[in-house]
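# Analysis of the macromolecular model
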Amino acid sequence: MTDVSAQASEGLAAFAAATMPVFIERIPAMPARLLGRLAVPEEADSHSVGAHRFDRSAGGEPECLTALRALGPLPVERLLGALELVVGRHDWSCAPDLVAGLFRPPDAQYVWMAASGHDSEATSATALLHRLRPGLADRTVALVRELAAHPVIAPLLAVTPAATDEPSIAAEHGAAHLGLAVAVAGAVVHQAAPPMIVDRAAATVGLGVGAAVLLLRDALMPPAYAAALLARIRAEYLLPRHMSGTVTVAEHRFGLAEHELPEQADFAGNGMVAVADGGIVVRTGVAAGMVRVELAVLAEAPDELESGWEEIVEVSWRAAEGRASVMAPDGTGGRGLRRQTPPWPGEYRTRVHARGRDDLDADLESYKLVVWGAPAAPEIAYKLTDQLGHRLRGEPEPARPPEHAYRWIRRSPLSQAATVTVVTGATVEQALRAFGADPDQPESVDDIQRDLSLRRAIDPWITVLDGGDAVLVVEDNGFRGTDAAVLRNASAGGRAASMFWNVNAVTRLSFAEAGQLLAAFEPWGRDEYPPEVAAALAGIDFAELGDRSEKGLVAVARFTGPGITAADLNRIRAAGIGYRITG
């Protein structure tokens with residue numbers, strides 16, 4: 001309710017009804033559609049701007065000004081350009097008194113305010129008007145909301161039968177409500193008579209757009225909109241599609257479903273996936289947190305089985321409507337993973353891939369769901385190797401692959417790029433000299449990194465740890481340990497082995513003994529190796545994707561005896577001492 005009298009409200013309805021068409025016919029279709037989709041749930045339409053929700057108390061400013069900023073400067077500027085002239089020359093004198101009871105400061109009042117360079121001209125004018133005439137914005141919003149339900153105005157807000165597709169329905173819906181809001185805002189601004197410092201046309205458009213955003217955000221969509229939206233989505237839907245994101249896990253579960261997940265699911269059959277109404281439920285290793293999920297929707301079944309996964313199970317499920325989402329048990333999901341399956345009912349197959357469920361670490365756990373339309377068929381378990389799945393199926397747990405012991409590397413500073421070299425039969429001093437470093441010139445790692453950063457240099461440097469049985473040499477984003485001469489020198493009194501990896505998935509595994517380089521290669525598991533190296537590689541499947549650097553570290557440890565541990569790296573970092581490569 002407002003302080004405007006009933007007589008004034010009736011007069012305003014008549015004024016707005018006569019004024020609205022003047023503005024509606026000049027509102028461009030693009031921003032009109034943008035406004036018209038404000039009430040569409042974000043997950044329902046990639047074209048929706050339902051995400052324009054905002055902090056209602058942002059900086060203590062009026063709600064409509066916050067809404068105006070949330071819309072962004074480009075559509076607001078487009079609307080100002082379209083309406084500025086007609087607003088400026090319109091006769092606003094016929095409107096009833098709308099500002100009665102509002103505080104009017106002295107004409108000589110000065111206002112200090114800062115304008116953001118990202119704001120549109122209309123937004124800046126609206127913000128200035130609010131500072132000079134507090135209460136005006138809220139009065140405008142209240143009048144627009146009240147008037148939208150008036151029997152004279154409500155029919156003018158309805159979409160005409162000529163609008164049959166989604167874009168035209170959204171445009172008419174948005175333009176009609178904006179036309180109403182601008183008509184009211186123009187009358188209010190005219191009667192408030194702000195000083196010349198305020199651009200009245202810009203303030204009118206800004207105030208009107210902000211009020212329209214609030215009105216349309218909560219308005220019911222036209223009755224024909226849902227069917228038109230679905231028709232558009234179906235017409236624009238293309239395959240294949242691939243997306244990725246994260247989803248919240250709760251109670252060891254997330255899912256792919258049309259609506260919500262069931263409260264209970266039975267995973268005893270395959271240890272990972274349960275079929276539910278309108279989708280599937282996936283059993284996770286972590287009880288709660290965020291896990292990475294890839295989603296692929298294909299036109300037909302994939303040609304090959306992907307490697308690098310520990311569990312792969314394929315099931316059938318039926319969609320009653322289509323457009324299922326990757327979601328948490330409470331129905332929430334990440335943007336980009338919502339409403340992605342085909343927008344039609346029918347039978348679908350989903351191949352679920354999982355890895356890292358035994359690590360009990362959300363950062364190491366990931367999934368891939370591959371969906372395609374296909375008649376219902378029996379479940380297929382392609383790969384069942386992790387311990388969790390065995391427990392859920394009531395089967396004896398297998399031993400974990402040795403490379404899993406090195407997955408901590410992914411959470412360490414070495415995750416992106418590093419070389420780890422283990423040297424036996426040498427002292428720390430001998431290992432440093434083999435790498436071309438001076439044992440008598442230790443430096444703070446912080447100082448080395450600061451110097452390289454200031455000089456924008458990439459000079460090599462290393463850190464070392466005396467492990468008793470071996471010397472551990474660690475290079476953060478370095479590769480000196482892959483050099484054949486270095487490995488020959490380092491292995492002069494025993495053995496040396498190194499594993500290198502970088503952010504581009506390039507790797508190199510090297511072995512040396514008694515001053516001789518035995519092998520150095522990109523580990524793909526396809527070559528013949530000397531017996532000493534073959535023994536270190538036995539049983540390690542480098543052809544299977546995933547954990548490549550971890551597998552390499554297993555081979556290094558087998559060849560040299562000791563290997564790197566998380567505790568070793570922590571000791572190196574705690575010491576904070578490095579050596580520059582000078583030779």
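Residues numbered from 1 in each chain as written. Predicted model: local features only at pLDDT ≥ 70, side-chain atom pairs only at ≥ 80, totals over all residues. Heavy atoms only, no water.

## Description of the sheet that holds strand 11 (residues 418-423)
Across the sheet, 8 strands lie side by side as 12-18-13-14-11-15-16-17; this open sheet has antiparallel pairing. Both outer strands of the open sheet, strand 12 (443-444) and strand 17 (516-521), are each paired with one neighbouring strand and no more. Direction of pairing for strand 16 (residues 507-513) relative to strand 17: antiparallel, over a ladder of 5 bridges. From the neighbouring strand, leucine 509 faces strand 17, where its bridge partner is phenylalanine 521. (Pairing = 2+ DSSP bridges. Helix = DSSP H or I, 4+ residues; strand = E, 2+ residues; numbered from the N terminus.)

## Quick look at the packing of helix 6 (residues 136-148) against helix 7 (residues 166-192)
Following both chains from N to C, one finds helix 6 and helix 7 inclined at 140 degrees, their axes separated by 9 Å at the closest point. Regarding the angle of helix 6 to helix 7, the classification is oblique. Seen from above, helix 6 lies across helix 7 with right-handed handedness. Between helix 6 and helix 7, the contacting residues are Leu136, Thr140, Leu143, Val144, Leu147 and Ala148 on the first element and Leu180, Ala181, Val184, Ala185, Val188 and Ala192 on the second. Considered class by class, the residues forming the contact of helix 6 with helix 7 number 11 nonpolar, 1 polar and no charged. (Axes fitted to C-alpha atoms, helices over the stretch in contact; angles between N-to-C directions. Parallel < 35°, antiparallel > 145°, perpendicular 65-115°, else oblique. Left-handed = near helix turned anticlockwise from the far one by under 90°. Contact = heavy atoms within 4.5 Å. Nonpolar A, V, L, I, M, F, W, Y, C, P; charged D, E, K, R; others polar.)

## Some details on the pairing of strand 5 (residues 288-298)
Sheet topology note: the strand 1 (residues 241-250)/strand 5 ladder contains 10 bridges and is antiparallel. Of the residues in strand 5, the one forming a bridge with threonine 246 is arginine 292. As defined by bridge partners, strand 5 adjoins strand 9 (residues 366-373) across 7 bridges and the pair is classed as parallel. Each residue of the ladder has a partner; that of leucine 298, found in strand 9, is tryptophan 372.

## A word on the nonpolar core
Counting residues in each nonpolar core, the largest one holds 68 residues, and the members touching the most others are Val87, Leu180 and Val209. Sorting the residues of this core by element identifies helix 1 (6-24), helix 2 (29-36), helix 3 (63-71), helix 4 (73-89), helix 5 (121-132), helix 6, helix 7 and helix 8 (200-218) as the ones contributing at least two each. When residues in this core are grouped by element, the largest group, 14 residues, is from helix 7. Tyr406, Leu537, Ile540 and Leu553 belong to the second-largest nonpolar core, a separate cluster that totals 33 residues. (Core = buried A, V, L, I, M, F, W, Y, C linked by side-chain atoms within 4.5 Å. Buried < 20%, exposed > 50% of the residue type's maximum accessible area, 1.4 Å probe, protein only.)

## Focus on the pattern of salt bridges
Tallied over the full model, the rule gives 32 salt bridges. Note that glutamate 544 and lysine 383 form a salt bridge whose closest N and O atoms lie 2.7 Å from each other. With glutamate 544 in the loop between helix 14 (531-537) and helix 15 (548-560) and lysine 383 in strand 10 (residues 380-384), this residue pair connects regions lying 161 residues apart in the sequence. Residue arginine 410 is joined to aspartate 547 by a salt bridge in which the shortest nitrogen-to-oxygen separation is 2.0 Å. (Salt bridge = Lys/Arg side-chain N within 4 Å of Asp/Glu carboxyl O.)

## Some points on the side chain of threonine 126
By the secondary structure assignment, threonine 126 is in helix 5. What makes threonine 126 buried here is its relative accessible area of 3%. If we skip the residues at most four places from it in the chain, threonine 126 touches Leu65, Leu68, Ala202, Ala203, Gly206 and Leu207.

## Description of the packing of aromatic side chains
Counting across every chain of the model gives 9 aromatic pairs. With 6.1 Å between their ring centres and 50 degrees between their planes, phenylalanine 15 and tryptophan 92 make a pair best called tilted. In this pair, phenylalanine 15 is assigned in helix 1 and tryptophan 92 in the loop between helix 4 and helix 5, connecting sequence segments 77 residues apart. Exposure class is identical for phenylalanine 15 and tryptophan 92. Each is buried. Ring geometry for tyrosine 237 and tryptophan 344: centres 5.9 Å apart, planes at 90 degrees, overall edge-to-face. (Phe/Tyr/Trp six-rings, centres within 6.5 Å; stacked < 30°, edge-to-face > 60°.)

## Section: helix 3
At 3.6 residues per turn, the α-helix brings residues three or four places apart onto the same side. With 7 of 9 residues buried, helix 3 is to be regarded as a mostly interior element. Along helix 3, the residues that are buried comprise Glu63, Cys64, Leu65, Thr66, Ala67, Leu68 and Leu71. Of the surrounding secondary structure, the elements contacted by the buried residues of helix 3 are helix 2, helix 4, helix 5, helix 6 and helix 8. Directly beyond the C-terminal end of helix 3, a positive phi value near 95 degrees is found at glycine 72.

## Observations regarding the environment of lysine 383
Residue lysine 383 is classed as partly exposed on the basis of its relative accessible area of 24%. Each C-alpha atom, one on lysine 383 and one on valine 313, is 6.9 Å from the other, the two residues being 70 residues apart in sequence. Not counting the four nearest positions on each side in its chain, lysine 383 is found in contact with Trp309, Glu310, Glu311, Ile312 and Glu544. At 2.7 Å, the side chain of lysine 383 and the backbone oxygen of tryptophan 309 are in polar contact. (Polar contact = N/O pair within 3.5 Å; in protein donor to acceptor, adjacent residues only side chain to side chain.)

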